[in-house]
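# Inside the fold
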Amino acid sequence: MSMTPEQAAWFAGVFERLVDNVGRAVLGKPDVVRLVLTAMLAEGHVLLEDAPGTGKTSLAKALAATVQGSSSRIQFTPDLLPSDVTGVTIYDQNTRTFDFHRGPIFASIVLADEINRASPKTQSALLEVMEESRVTIDGVAHEVGRPFLVIATQNPIEQAGTYKLPEAQLDRFLIKTSIGYPDLASAERILAGAADRNPSAGLTPVITTGAVGDMADLAATLHVDPAVLRYTAQLAESTRQAPETVLGVSVRGTLAMVRAAKIRAASQGRHYVLPDDIKALAHPVWSHRIVLDPEAEFSGATPDSILARVVDDIAAPQARVA
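To keep things clear, this report deals only with the structure shown in the data block. (Residues numbered from 1 in each chain as written. Predicted model: local features only at pLDDT ≥ 70, side-chain atom pairs only at ≥ 80, totals over all residues. Heavy atoms only, no water.)

### What about the environment of A308?
With respect to the helices and strands, A308 occurs in helix α14 (residues 303–313). A relative accessible area of 30% places A308 in the partly exposed class. (Helix = DSSP H or I, 4+ residues; strand = E, 2+ residues; numbered from the N terminus. Buried < 20%, exposed > 50% of the residue type's maximum accessible area, 1.4 Å probe, protein only.)

Below, the structure written as structure tokens:
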């Protein structure tokens, strides 16, 4: 059964309450908050490429407090082991059994800080849990629950001692964005409340974690016209055929786009997806999935410029498919 207009209106109201509540701790960044909430409700993950000190930890804590969930922070370093992330099985001599001790990945909101500083072996520990929301240790699968959102960060300036994220891992992030520095008015408000070191601690939950799962399930029923699906596939195909690219948008990327577009449509009170939803999400959902040819990159091509050209070249559907 598809989402009804009444359900879409309810979804939009709750979504805005979530944005407003998180915005009490993360000042002046409603658009970024909407993108992160979109990723959470679409059951995806977020990559934040930002300079230090822009409020990434505050965002994760505020989001967890808003949905009455748990949060954890993993500082990725070169000596971090996969078991430090997922957990480890330890033998208990008293009971003569093996007990699984959960790692910090078992939380509603996980902040993977400076993820590119860990070795590829440790980064790969996130591949299964980001895709399937479970961790397999010694052949036993452990579910992480719902909601489950990984907010990974990396510093775009400082690259010494880092390991570039492989394309297979980048493709598992639904959205890539940045918080950026606040505007002048927001900066003044932040300085005025500088005595409060943990602004998310005073937030009142808006909904429960169970309700987040219900919203995600409801949004999944939202109608997407075949014309919009074809438009999405055409855009993705064009990124693969672009002469500047070595790797375009994957099938996982097109599926991620449809999931994100459903959340965006519902957050605006619509029970159907428009081509404008695809256009609005093209850059945050697809830019990190495009790998450029080295010569084209040297000539000044960027994933954003390719996406902008593709969106301009392919006409959006004007009528529904019968």
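### Observations regarding the sheet that holds strand β2 (residues 71–75)
On the basis of which strands lie adjacent, the open sheet formed by 5 strands has the order β2-β5-β8-β1-β9 and parallel pairing. Each edge of the sheet is formed by a strand with only one pairing partner; in this case those strands are β2 and β9 (175–177). Neighbour-to-neighbour, the strand axes of the sheet open up by a mean angle of 15 degrees, direction not taken into account. In this sheet, strand β8 (residues 149–154) lies alongside strand β5 (residues 109–113) in parallel orientation, the contact comprising 4 bridges. Following the sheet pairing, I109 is matched in β8 by L149. (Pairing = 2+ DSSP bridges. Axes fitted to C-alpha atoms, helices over the stretch in contact; angles between N-to-C directions.)

### Notes on helix α1 (residues 5–23)
End to end, α1 covers 27 Å across 19 residues, agreeing with the expected 27 Å (1.5 Å per residue, within 8%). Within the span of α1, buried status applies to A8, F11, A12, V14, F15, L18, V19, N21 and V22. Against α2 (30–41), α3 (56–66), α9 (209–220) and α11 (251–267) lie the buried residues of α1. (Expected span 1.5 Å × (residues − 1). Contact = heavy atoms within 4.5 Å.)

### A look at the packing of α1 against α9
Packing of α1 against α9 leaves a shortest axis separation of 11 Å and a crossing angle of 135 degrees. For the element pair α1 / α9, the angle class is oblique. Handedness of the α1/α9 crossing: left-handed. Counting all contacts with α1, which are made through Q7, W10, F11 and V14, the residues of α9 involved are M215, L218 and A219. Split by residue class, the contact of α1 with α9 holds 6 nonpolar, 1 polar and no charged. (Parallel < 35°, antiparallel > 145°, perpendicular 65-115°, else oblique. Left-handed = near helix turned anticlockwise from the far one by under 90°. Nonpolar A, V, L, I, M, F, W, Y, C, P; charged D, E, K, R; others polar.)

### A word on the pattern of salt bridges
For the structure shown, the criterion picks out 17 salt bridges. R117 serves as the salt-bridge partner of E114, at 3.2 Å between the closest nitrogen and oxygen. For R117, a relative accessible area of 18% translates into the label buried. Here E131 makes a salt bridge to R172, at a shortest N to O gap of 3.9 Å. With E131 in helix α6 (residues 125–132) and R172 in the loop between α7 (167–170) and β9, the pair connects residues that are 41 residues apart, well separated along the chain. (Salt bridge = Lys/Arg side-chain N within 4 Å of Asp/Glu carboxyl O.)

### A few points about the packing of aromatic side chains
Under the counting rule described, the total for this entry stands at 3 aromatic pairs. Taking 5.8 Å as the distance between ring centres and 70 degrees as the angle between the ring planes, the aromatic pair formed by F100 and F106 counts as edge-to-face. (Phe/Tyr/Trp six-rings, centres within 6.5 Å; stacked < 30°, edge-to-face > 60°.)

### Observations regarding the pairing of strand β4 (residues 97–102)
Here 6 bridges tie strand β3 (residues 87–92) to β4, and the two strands are oriented antiparallel to one another. What sits directly across from D92, in β4, is T97. Linking β3 to β4, which pair antiparallel, is a turn of 4 residues; within it R96 sits at a positive phi near 55 degrees.

### Describing the layout of surface pockets
Of the pockets and cavities examined, the largest pocket occupies roughly 760 Å³. K164, L170, K176, H288 and I290 are, among the 32 residues lining the largest pocket, the residues nearest its centre. Within the residue set of the lining of the largest pocket, elements represented by two or more residues are β1 (46–49), α7, β9, α12 (275–286), β11 (291–292) and α14. Its residues assigned to classes, the lining of the largest pocket comprises 12 nonpolar, 12 polar and 8 charged. (1 Å grid on protein atoms, 1.4 Å probe; cavity = no way out; pocket = protein on both sides within 12 Å on 5 of 7 lines; lining within 4 Å. Points joined across faces, edges and corners; volume = space filled by probe spheres on them.)

### Brief notes about the packing of α1 against α11
Packing of α1 against α11 leaves a shortest axis separation of 7 Å and a crossing angle of 90 degrees. In terms of orientation, α1 and α11 fall into the roughly perpendicular class. Residues A8, F11, A12, F15 and E16 of α1 form the contact with α11, whose own contacting residues are I263, A266 and S267. Residue classes in the contact of α1 with α11 are distributed as 6 nonpolar, 1 polar and 1 charged.

### Quick word on the nonpolar core
Ranked by internal contacts, the top residues of the largest apolar core, which has 71 residues, are F11 and L149. What L149 contacts, discounting residues up to four positions off in sequence, is V36, A39, M40, G44, H45, V46, L63, S108, I109 and V110. One finds A112, V135, V150 and L170 within the second-largest nonpolar core, a separate group that totals 24 residues. (Core = buried A, V, L, I, M, F, W, Y, C linked by side-chain atoms within 4.5 Å.)

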